[in-house]
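Chain residues, written in single-letter form:
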Amino acid sequence: MDDWDYFLPRNHVDFPVVGKEYRIFEAQWKQVILLWLGLEDVNRKQKEEFIEALIGFEGGCNDFYGYRAYFLAAAGIAEFKDCSRADEIVATIIKYDCGYFNIEEQEWRIFLAPIAEGVRAALLETHYSIAVNQLIDLLETTEGENARLIVADSLGKVDPGNPEAIAALIAILSTTTGEFTRRNVAYSLGKIDPGNPEAIAALIAILSTTTNELTLHSVAESLGKVTKGNSEAIAALISILSTTNDWNTRGRVADILGKIATGNSEAIAALITILSTTNDWNTRGRVAESLGKIATGNSEAIAALIAILLTTNDWNTRGRVADILGKIATGNSEAIAALIALLSTTNDEDTRASVADILGEIATGNPEAIAALIALLSTTTNEDTRSSVAYNLGKIDPGNPEAIAALITLLSTTTNEDIRWRVADSLGEIDPGNPEAISALSEILSTTNDKDIRWMVADSLGKIDPGNPEAIAALIVILSTTTDLSTFLYTRRRVTGILGKIATGNSEAIAALIALLSTTNDEDTRASVAYILGEIATGNPEAIAALIKILSITTDPPTRDRVAYSLNEIVQNNQMPSVVSALQKFMCKAVDKTKYDLYEKWFEIIWNCAQNLPYPTFYQAWHHQLTTPHPEVPETTGVGSKHN
């Protein structure tokens, strides 16, 4: 084709041309357009005119489509390399990505997150050499740690391993005392130059000098990316592990070793030493996690862990050791034999239960382990041990009739609610859909007054009988009635997570949650309900309307974040025009600074719609040209929408 009018109407001004296609905004046409710009036999004047039209596009909708057109132009000059506006386009994209210095406010400004995300993609697609050269120039002239960090990070994305970017980041790292800057530099180094020795040395230096937990976490993440297998880094970390007595530092170092020291005998030995000498449960847990990652099949680690298991009387240590063995000793005959021997010689019920748990992890199909567990099941009278043995027997020998029979018997004889829940949960896992398990869980749910038991039982019931109405109803009641501040956050997280798994599309759950959303003024409850609706209410118009209403009245930033996220998750393409129309009235060019975070959320939701709607459809919605009389309430279909 010779005329770019096929992609973008030549006579466009600032509103859609009736009857014309805007293919520049259709994903399936992007590669065709880029190919057209790269063809040598296409008239240069046509290409220049097209690029001019893209960078000057006015959509009449607050620049939502203007940005999209500009991003396409940025990608286009990678194909049309001698475009006369190439330098200017790249400079603008870099400004969008890195920000700019506001003279009036005397501060570095960055663009809204949705724009920045689109810009980053465009920066990676645009003219490579121009982008690299301009970023290097900007890096050399920019002052201020944060601004230089942003520029160096962008340069590292466009040109991974770029020495100027690495040098700038390391220079910032060696001079700054700001923990926030340190964390961001560590994060950037971890992405742009894996294996760089100077970067590794700089990161290790931070690790040995900072006590800030967030910084340690960022450095751990970055070292995990750049130093896998690096002997110097591993040695330095082991040294810190052996000299510090700070449990948090030990935990962080263990986390890093778990990422970079797979199979390293010195690291494994150091971690085993910490496990056998520390009494701190947090450190033990993190060491256990790391050993589980790096010591799979290691005979020394397995032997040492079994020795700890045989000698410790501490139930917490025993549990941690069981967890590690379950990860690193799967199928290991020596470990299984040692555990079976321990099972036959001990009378301690806690030890028996722990051994059963380990065998459940490592002895699938092992006939000796199966026989030992069946023997224990027939001789012990301890209810906790019986439930643990039966559950793990079901794991290593799924459908085992003796295990199922033992659990059913225990379910019918015990009066302990906690044990009944555990037994029913086990029975449901090894025999999904078991009617006795469903009946027992339902009965507990209807009779217990213990909230912890209620949510655990509801979780189990939802897993073995998805969509169970009693479980859903019980969870909603817990969510709306929990007032104890000491347990509220934990309970809320658990309940929302469970509902998100078992109540997808359930109309009663959605209706109850919307009712709760309309009556509560508690921001934690609002955020929690918004989260669940984001998980279970895809396409539900009442949920969408309720979330839009909360977004317009809440003043709590975390609630706004959660509501915006959930709206973007559940709004379908054919509902987007009505959402745009409902939210457009809140948008304006000038925004009171006290409400800027709210403006960002409105922008984020509408931006998402602009990425998915044809330009004419979005324009109609923006200017309230929809047929619905109530734009606040999303319809199930949008006027002019081509997406269903």
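Residues numbered from 1 in each chain as written. Predicted model: local features only at pLDDT ≥ 70, side-chain atom pairs only at ≥ 80, totals over all residues. Heavy atoms only, no water.

**Student:** Any chance you could break down the overall build of the protein chain for me, citing the residues and the numbers?
**Tutor:** On a plain count of helices and strands, the protein chain comes out with 34 helices and two strands. Relative to its full complement of 644 residues, the protein chain shows a buried share of 54%. Within the protein chain, contacts between residues separated by at least 24 positions form 67% of all contacts whose residues are at least 6 apart in sequence. Element-wise, carbon and sulfur atoms account for 51% of the exposed surface of the protein chain, whose accessible area totals about 28700 Å². (Helix = DSSP H or I, 4+ residues; strand = E, 2+ residues; numbered from the N terminus. Buried < 20%, exposed > 50% of the residue type's maximum accessible area, 1.4 Å probe, protein only. Contact = heavy atoms within 4.5 Å. Areas by Shrake-Rupley, 256 points an atom, 1.4 Å probe, with all protein chains shown as cover.)

**Student:** Got a sec to walk through the pattern of salt bridges? Specific residues and values, please.
**Tutor:** On inspection of all chains with the given rule, the structure shows 18 salt bridges. Between Lys-30 and Glu-125 there is a salt bridge, and its shortest N-O distance comes to 2.9 Å. With Lys-30 in helix α1 (residues 30-38) and Glu-125 in helix α5 (residues 113-125), this pair connects stretches of sequence that are 95 residues apart. Overall, Lys-30 belongs to the partly exposed group, its relative accessible area being 26%. The exposure class assigned to Glu-125 is partly exposed, which follows from its relative accessible area of 36%. Within this structure, Asp-3, Arg-10, Lys-45 and Glu-49 form a network of salt bridges that share partners. (Salt bridge = Lys/Arg side-chain N within 4 Å of Asp/Glu carboxyl O.)

**Student:** Just give me the short version of unusual backbone geometry, but keep the residues and values in it.
**Tutor:** One non-glycine residue with positive phi stands out, namely Asn-62, at about 60 degrees. Mapped onto the secondary structure, Asn-62 falls in the loop between α2 (44-55) and α3 (64-76). For Asp-63, which is not glycine, the phi torsion reads 70 degrees and is therefore positive.

**Student:** Please provide a residue-by-residue account of the environment of Ala-329, values included.
**Tutor:** Mapped onto the elements, Ala-329 comes out in the loop between α17 (315-328) and α18 (333-345). Sequence separation between Ala-329 and Ser-299 is 30 residues; the distance between their C-alpha atoms is 8.7 Å.

**Student:** Just give me the short version of the packing of aromatic side chains, but keep the residues and values in it.
**Tutor:** Any aromatic ring pair is given by two values, namely how distant the centres are and how the planes are angled relative to each other. Tallied over the full model, the rule gives 25 aromatic pairs. Here the aromatic rings of Tyr-615 and Tyr-619 are separated by 6.2 Å at their centres, their planes lie at 65 degrees, and the arrangement is edge-to-face. Highlighted residues: Tyr-615 and Tyr-619, both in helix α34 (residues 615-622), separated by four residues, approximately one helical turn. Judged by relative accessible area, which is 1%, Tyr-615 ranks as buried. Overall, the relative accessible area of 15% leaves Tyr-619 in the buried class. Over the ring of Tyr-6 we find Arg-23, and its NZ or CZ is 3.9 Å from the ring centre. The residue whose ring lies beneath Arg-23 is Trp-29, and the NZ or CZ to ring-centre distance is 5.3 Å. (Phe/Tyr/Trp six-rings, centres within 6.5 Å; stacked < 30°, edge-to-face > 60°. Lys NZ or Arg CZ within 6 Å of the ring centre and 35° of its normal.)

**Student:** Describe in detail helix α32 (residues 576-584), supporting the description with residues and values.
**Tutor:** Within α32, nine of the nine residues are buried, which leaves the element mostly enclosed by the surrounding structure. Taken together, the buried positions of α32 are Met-576, Pro-577, Ser-578, Val-579, Val-580, Ser-581, Ala-582, Leu-583 and Gln-584. Each element contacted by the buried residues of α32 is listed here: α30 (541-553), α33 (596-610) and α34.

**Student:** Summarise the nonpolar core; cite the residues concerned and give the values.
**Tutor:** Judged by nonpolar contacts, the single largest core of 215 residues is most densely connected at Ile-24, Phe-50, Leu-257 and Phe-618. Element by element, the count of residues in this core is highest for α3, at ten residues. Ignoring anything within four residues of it in the chain, the contact list for Phe-618 reads Cys-61, Phe-64, Tyr-65, Val-580, Ile-606, Cys-609, Ala-610 and Leu-613. (Core = buried A, V, L, I, M, F, W, Y, C linked by side-chain atoms within 4.5 Å.)

**Student:** An account of the packing of helix α23 (residues 417-430) against helix α25 (residues 451-464) is needed here, citing residue identities and associated values.
**Tutor:** Working note: a packed helix pair is described by the angle between its axes plus the distance between those axes. Two numbers describe how α23 lies on α25: the axes approach to 9 Å, and their chain directions differ by 15 degrees. Viewed along their axes, α23 and α25 adopt a mutual orientation that is roughly parallel. Two packed elements cross with a definite hand, and for α23 against α25 that hand is left-handed. For the pair α23 and α25, contact is made by Glu-417, Asp-418, Trp-421, Asp-425, Gly-428 and Glu-429 and by Ile-453, Met-456, Val-457, Ser-460, Lys-463 and Ile-464, respectively. Broken down by class, the residue content of the contact of α23 with α25 amounts to five nonpolar, two polar and five charged. (Axes fitted to C-alpha atoms, helices over the stretch in contact; angles between N-to-C directions. Parallel < 35°, antiparallel > 145°, perpendicular 65-115°, else oblique. Left-handed = near helix turned anticlockwise from the far one by under 90°. Nonpolar A, V, L, I, M, F, W, Y, C, P; charged D, E, K, R; others polar.)

**Student:** Could you give me a rundown of helix α28 (residues 507-519), with the residues and numbers involved?
**Tutor:** Structurally, the α-helix is built with 3.6 residues per turn, so residues lying three or four positions apart point the same way. When the terminal C-alpha atoms of α28 are compared, their 19 Å separation across 13 residues agrees well with the 18 Å that a helix rising 1.5 Å per residue should span. By the burial criterion, the buried members of α28 are Ala-509, Ile-510, Leu-513, Ile-514, Leu-516 and Leu-517. All buried residues of α28 lie within an arc of 160 degrees about the axis, which places them on one face of the element. α28 presents Glu-508, Ser-518 and Thr-519 as exposed residues on the side facing more than 90 degrees away from its buried surface. Looking at where α28 begins, the residue whose side-chain oxygen comes 3.1 Å from the main-chain nitrogen of Glu-508 is Asn-506. (Expected span 1.5 Å × (residues − 1). Arc of directions from axis to C-beta. Polar contact = N/O pair within 3.5 Å; in protein donor to acceptor, adjacent residues only side chain to side chain.)

**Student:** Give a detailed account of the environment of Gly-60, specifying residues and quantitative values.
**Tutor:** Looking at where Gly-60 falls in the secondary structure, it is placed in the loop between α2 and α3. Gly-60 sits 562 residues away from Trp-622 along the chain, and the two C-alpha atoms are 8.9 Å apart. Not counting chain neighbours up to four residues away, the residues in contact with Gly-60 comprise Asp-14, Tyr-619, Trp-622 and His-623.

**Student:** Describe the environment of Gly-500, naming the residues involved and giving the relevant values.
**Tutor:** Among the secondary structure elements, Gly-500 is positioned in helix α27 (residues 485-502). The spatial distance from the C-alpha of Gly-500 to the C-alpha of Ile-532 is 5.6 Å, given a sequence separation of 32 residues. Setting aside chain neighbours within four positions, we find Gly-500 in contact with Glu-535 and Ile-536.

**Student:** Report on the confidence of the model for the protein chain, specifying residues and quantitative values.
**Tutor:** Predicted coordinates in areas of low pLDDT are best not read in detail. Confidence in the prediction for the protein chain averages 82 pLDDT; 90% of positions are at 70 or higher. When the criterion is pLDDT under 50, residues 628-644 qualifies, and its contacts beyond four places in sequence or with other chains add up to 44 contacts. (pLDDT = per-residue confidence, 0-100.)

**Student:** Could you give me a rundown of the packing of α1 against α3, with the residues and numbers involved?
**Tutor:** It is at 10 Å that the axes of α1 and α3 come closest, and there the two elements cross at 45 degrees. With respect to their mutual orientation, α1 and α3 come out oblique. The two elements α1 and α3 cross, and the hand of that crossing is right-handed. Along its contact with α1, which presents Lys-30, Ile-33, Leu-34 and Leu-37, the element α3 presents Leu-72, Ala-75 and Gly-76.

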